[in-house]
Amino acid sequence: MKFVYVEKVLTPNGIHLNPATKICKYALKNEKNIKIQFKKNNLQVSATSILNILTLELSHGSEVEVTLSKKHQTTINFLRKIFQG
């Protein structure tokens, strides 16, 4: 069962290369257990690609829909830490 929630980007510089890299590494490391996707303005991307994440242009104050292949609290906490700085 998919788990979908909305996360607000609160980091002053948004999601740039460094946080996108952290998200991508996490997604690739945990790919067997959980799939992570982001959606903004009808563009949905996999978190396993840094370029895909950057194409969403997640600036400060942006809202992004996060879809997980299942509810996974560790992943939710990790992403919240990245998005909130």
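Just above, that's the structure.
What you see is a predicted model, and the numbers here were worked out from it, not measured in a lab. (Residues numbered from 1 in each chain as written. Predicted model: local features only at pLDDT ≥ 70, side-chain atom pairs only at ≥ 80, totals over all residues. Heavy atoms only, no water.)

Some details on the packing of aromatic side chains
Point 1. With the rule as written, the count across this model stands at three aromatic pairs.
Point 2. Summarising the aromatic geometry, the rings of Phe3 and Tyr5 are spaced 5.7 Å apart at their centres and angled 40° between planes, so their arrangement reads as tilted.
Point 3. The interplanar angle of 10° and the centroid separation of 4.2 Å between the aromatic rings of Tyr26 and Phe78 together place this pair among those described as stacked. In this pair, Tyr26 is assigned in helix α1 (residues 17–29) and Phe78 in helix α3 (residues 73–84), connecting sequence segments 52 residues apart. (Phe/Tyr/Trp six-rings, centres within 6.5 Å; stacked < 30°, edge-to-face > 60°. Helix = DSSP H or I, 4+ residues; strand = E, 2+ residues; numbered from the N terminus.)

Brief notes about the nonpolar core
Point 1. By size, the foremost hydrophobic cluster in this structure holds 23 residues, and its most contacted members are Ile15, Ile23, Phe38, Leu79 and Phe83.
Point 2. Only α1, β2 (36–40), β4 (63–68) and α3 provide two or more residues apiece to this core.
Point 3. Ranked by residue count, the leading element in this core is α1, at five residues.
Point 4. In this structure, Phe83 is in contact with Glu7, Lys8, Val9, Leu10, Thr11, Ile15, Ile23, Phe38, Leu58, Val64 and Val66, ignoring residues within four places of it in sequence. (Core = buried A, V, L, I, M, F, W, Y, C linked by side-chain atoms within 4.5 Å. Buried < 20%, exposed > 50% of the residue type's maximum accessible area, 1.4 Å probe, protein only. Contact = heavy atoms within 4.5 Å.)

Things to note about the side chain of Glu7
Point 1. Mapped onto the secondary structure, Glu7 falls in strand β1 (residues 3–8).
Point 2. On the basis of relative accessibility, which here comes to 3%, the residue Glu7 falls in the buried class.

Side note on the environment of Lys70
Point 1. By the secondary structure assignment, Lys70 is in the loop between β4 and α3.
Point 2. A residue is classified by how much of its surface remains accessible, and Lys70, at 37% relative accessible area, is partly exposed.
Point 3. Remark: the alpha-carbon pair of Lys70 and Thr11, spanning 59 residues in sequence, is separated by 26 Å.
Point 4. When sequence neighbours within four positions are dropped, the list of residues in contact with Lys70 reads Met1, Phe3, Asn33 and Ile34.
Point 5. Within the structure, the side chain of Lys70 is placed 3.4 Å from the backbone oxygen of Asn33, a separation counted as a polar contact. (Polar contact = N/O pair within 3.5 Å; in protein donor to acceptor, adjacent residues only side chain to side chain.)

Some remarks on the pairing of strand β3 (residues 43–46)
Point 1. For β2 and β3, the ladder comprises four bridges, and the chain directions are antiparallel. By the bridge assignment for β3, Lys40 is matched with Leu43.
Point 2. Between the end of β2 and the start of β3, which pair antiparallel, lie two residues, with Asn41 showing a positive phi angle near 50°. (Pairing = 2+ DSSP bridges.)

Points about unusual backbone geometry
Point 1. For Asn41, which is not a glycine, the phi torsion comes out positive at approximately 50°.
Point 2. Tracing the sequence through the fold places Asn41 in the loop between β2 and β3.
Point 3. Judged by relative accessible area, Asn41 falls into the exposed class, the value being 68%.
Point 4. The backbone of Asn42 shows a phi angle near 65°, a positive value even though the residue is not glycine.
Point 5. Mapped onto the elements of the fold, Asn42 is located in the loop between β2 and β3.

On their own, these measurements won't tell you what the molecule is for.
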